[in-house]
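# Structure assessment
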Amino acid sequence: MSQIIVRPDREKPIIHRHPWVFSGAVDSVRGDPQPGDIVDVVSKNGRFLARGYFNPRSQIQVRLLTWADEPIDGSWWRQMIGRALSARIQRGILPPAVRLINAENDFLPGLIVDRYGDHLVLQALTLHIDQRKTDLARLLVEALAEVGVTISGVYERSDVDVRKKEGLALQTGLLWGEEPPELIAVQINGTIRLVDVRAGHKTGTYLDQIGNQAFLDDFLNQRAIKGDLLSLFSYTGGFGLGSRCQITQVDASLPALNLAEKTYQTNQFPMNRVEFIQADVFELLRDFADERRRFEVIVCDPPKFAHNAGQIERAARGYKDLNLNCFRLLQPGGCLMTFSCSGAISTDLFQKIVFGALADSGRSAQIIRTLSANDDHPVTLTFPEGAYLKGLLLRVY
Ligand code: SAH
């Protein structure tokens, strides 16, 4: 096996089980590893540190799979997939809409797998996973059969920009079994969601938010809150669907809003209680402020503003401005559920930004709950980069 020898001053994160070995940490390469090959990562004095897969084209030259001297073979993958599935079984069943494998955060760098009913959607983010994806699709189907879940097809949605950093083209299509239907109807939080796995965002929908959507529904229903709810960056309308509020859903994407409307109809939501507005949120918020509109509840779930550390400052200004405008539209005693999905913005920094916006608005607020992704999106403790989604539910006076 080829060896990647790391610089002594860069050993520590590897020993501490951070899964990435950056090019700057590499001292030298022994052997002739090909892109995608399994390699050993060793210290300068020859001590085995970890084993992973290699891609010299990427800044992240090795993604680590194990810290034990064990073979990375079919049975290793079966075991790791089995571990991820077991962690998601609730009351003996695997939820019908669930992230099954969350890449680095399930100790399987580069691999995302989501379940929507009897279809799986797979994202191969790295070269090694791409080389192995057909095998992985089959292993997944077998592992699911063992826990009583029959899968009819595995669809690939490897149309994510990070692949370019691996020297890979974007790719989508059927990997195994049958084509998915145009829309997959799947139970989420006691409602029916329509998921377009071919063209929807991510693998079809934002599975990371379904716990927060359920929490919001319960929170509003338990308090008999039925006032005006504004859902900004609504995508297919997951926030509010289980509530009794008068809802305004806003998104820039017309296909998303059309699917949202269809979803509300499918769930027999009274259509006089929901409005879908295609608009740029930033412009619409200014219009609403001019019109002196007020809402009892606002959900603000924007796309990623900071794609790397260099964009933090600009992103912070964006989040602050957005949250300030939300505070201005909230009636006294109203609630703001506000999110950031930028990995580069820490939970701490996000709270400070929202505080800054609150201070500028001259309002008071309480944190009712701090929010993160659902527990099918675990965060490996040794990989803080995994904690990208953070949010706050505030009551605002
Ligand atoms: N809240 C959603 C996920 C939101 S993802 C859910 O829980 O499913 C971010 C959304 O913001 C996307 O649907 C995207 O179409 C939309 N978007 C991005 N920029 C926008 C803008 N400037 N104005 C309105 N919508 C925007």
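Residues numbered from 1 in each chain as written. Predicted model: local features only at pLDDT ≥ 70, side-chain atom pairs only at ≥ 80, totals over all residues. Heavy atoms only, no water.

This part covers the site of the ligand. Taken together, 17 residues form the shell around the ligand, and within it Q213, D251, A252, V281 and D301 come nearest. Within the side chain of Q213, a nitrogen or oxygen atom sits 2.9 Å from an oxygen atom of the ligand. In the model, a nitrogen atom of the ligand is placed 2.7 Å from a nitrogen or oxygen of the D301 side chain. Summarising the interface, the protein chains cover 88% of the accessible area of the ligand, which totals 580 Å² for the free molecule. Across the shell around the ligand, the residue classes tally to 9 nonpolar, 5 polar and 3 charged. (Near = heavy atom within 4 Å. Polar contact = N/O pair within 3.5 Å; in protein donor to acceptor, adjacent residues only side chain to side chain. Areas by Shrake-Rupley, 256 points an atom, 1.4 Å probe, with all protein chains shown as cover. Nonpolar A, V, L, I, M, F, W, Y, C, P; charged D, E, K, R; others polar.)

What follows deals with the pattern of salt bridges. According to the stated counting rule, one finds 20 salt bridges in the structure shown. Its salt-bridge partner being R63, residue E166 comes within 3.5 Å of it at the nearest N-O pair. With E166 in the loop between β10 (153-158) and β11 (171-177) and R63 in strand β6 (residues 60-66), this residue pair connects regions lying 103 residues apart in the sequence. The same class applies to E166 and to R63, which are both buried. Between D159 and R157 there is a salt bridge; the shortest N-O distance is 3.1 Å. D159 sits in the partly exposed class, given a relative accessible area of 29%. Shared partners join several salt bridges into a network, and the residues in it are D130, K133, E156 and R163. (Salt bridge = Lys/Arg side-chain N within 4 Å of Asp/Glu carboxyl O. Helix = DSSP H or I, 4+ residues; strand = E, 2+ residues; numbered from the N terminus. Buried < 20%, exposed > 50% of the residue type's maximum accessible area, 1.4 Å probe, protein only.)

Size of an interface: often given as the accessible area lost when the parts come together. Under the domain assignment used here, the protein contains domain 1 (3-66), domain 2 (74-181) and domain 3 (206-396). With centres defined by C-alpha atoms, the gap from domain 1 to domain 2 works out at 25 Å. Together domain 1 and domain 2 conceal approximately 1100 Å² of surface at their shared face, both sides included; 56% is due to carbon and sulfur atoms. Considering only the side of domain 1, the residues that lose the most area to domain 2 are Y53, R57 and L65, jointly responsible for 44% of the buried surface there. Run the count over domain 1 and domain 2 and you get 8 residue pairs in polar contact (both at pLDDT 80 or more). Class assignment of the residues belonging to the side of domain 1 that touches domain 2 gives a composition of 7 nonpolar, 4 polar and 2 charged. (Domains from an automatic or database assignment. Buried area = accessible area lost by both parts, 1.4 Å probe.)

Before going further, it helps to spend a moment on the sheet that holds strand β19 (residues 365-372). In spatial order, the strands read β16-β15-β14-β17-β18-β20-β19; together these 7 strands make up an open sheet with mixed pairing. Edge strands, defined here as strands with exactly one partner in the open sheet, are β16 (274-278) and β19. Averaged over all neighbouring strand pairs, the angle between strand axes comes to 15°, with direction disregarded. Bridge count between strand β18 (residues 330-340) and strand β20 (residues 390-396): 7 bridges; the pairing is antiparallel. Along β20, the bridge assignment pairs T338 with L392. Packing against the sheet, helix α8 (residues 347-361) makes contact with β18, β19 and β20, and its axis sits at approximately 30° to β20. (Pairing = 2+ DSSP bridges. Axes fitted to C-alpha atoms, helices over the stretch in contact; angles between N-to-C directions. Contact = heavy atoms within 4.5 Å.)

Let's shift gears to the pairing of strand β5 (residues 48-54). When you tally the buried positions in β5, you get 6 out of 7 residues, the bulk of the element. Relative to β5, strand β4 (residues 38-42) is paired through 5 bridges, and the arrangement is antiparallel. What sits directly across from V42, in β5, is F48. Counted along the chain from β4 to the antiparallel partner β5, the turn is 5 residues long, and its residue G46 has a positive phi close to 90°. One ladder, built from 4 bridges, connects β5 with β6; its direction is antiparallel. From the neighbouring strand, F54 faces β6, where its bridge partner is V62. Two successive antiparallel strands, β5 and β6, enclose a turn made up of 5 residues.

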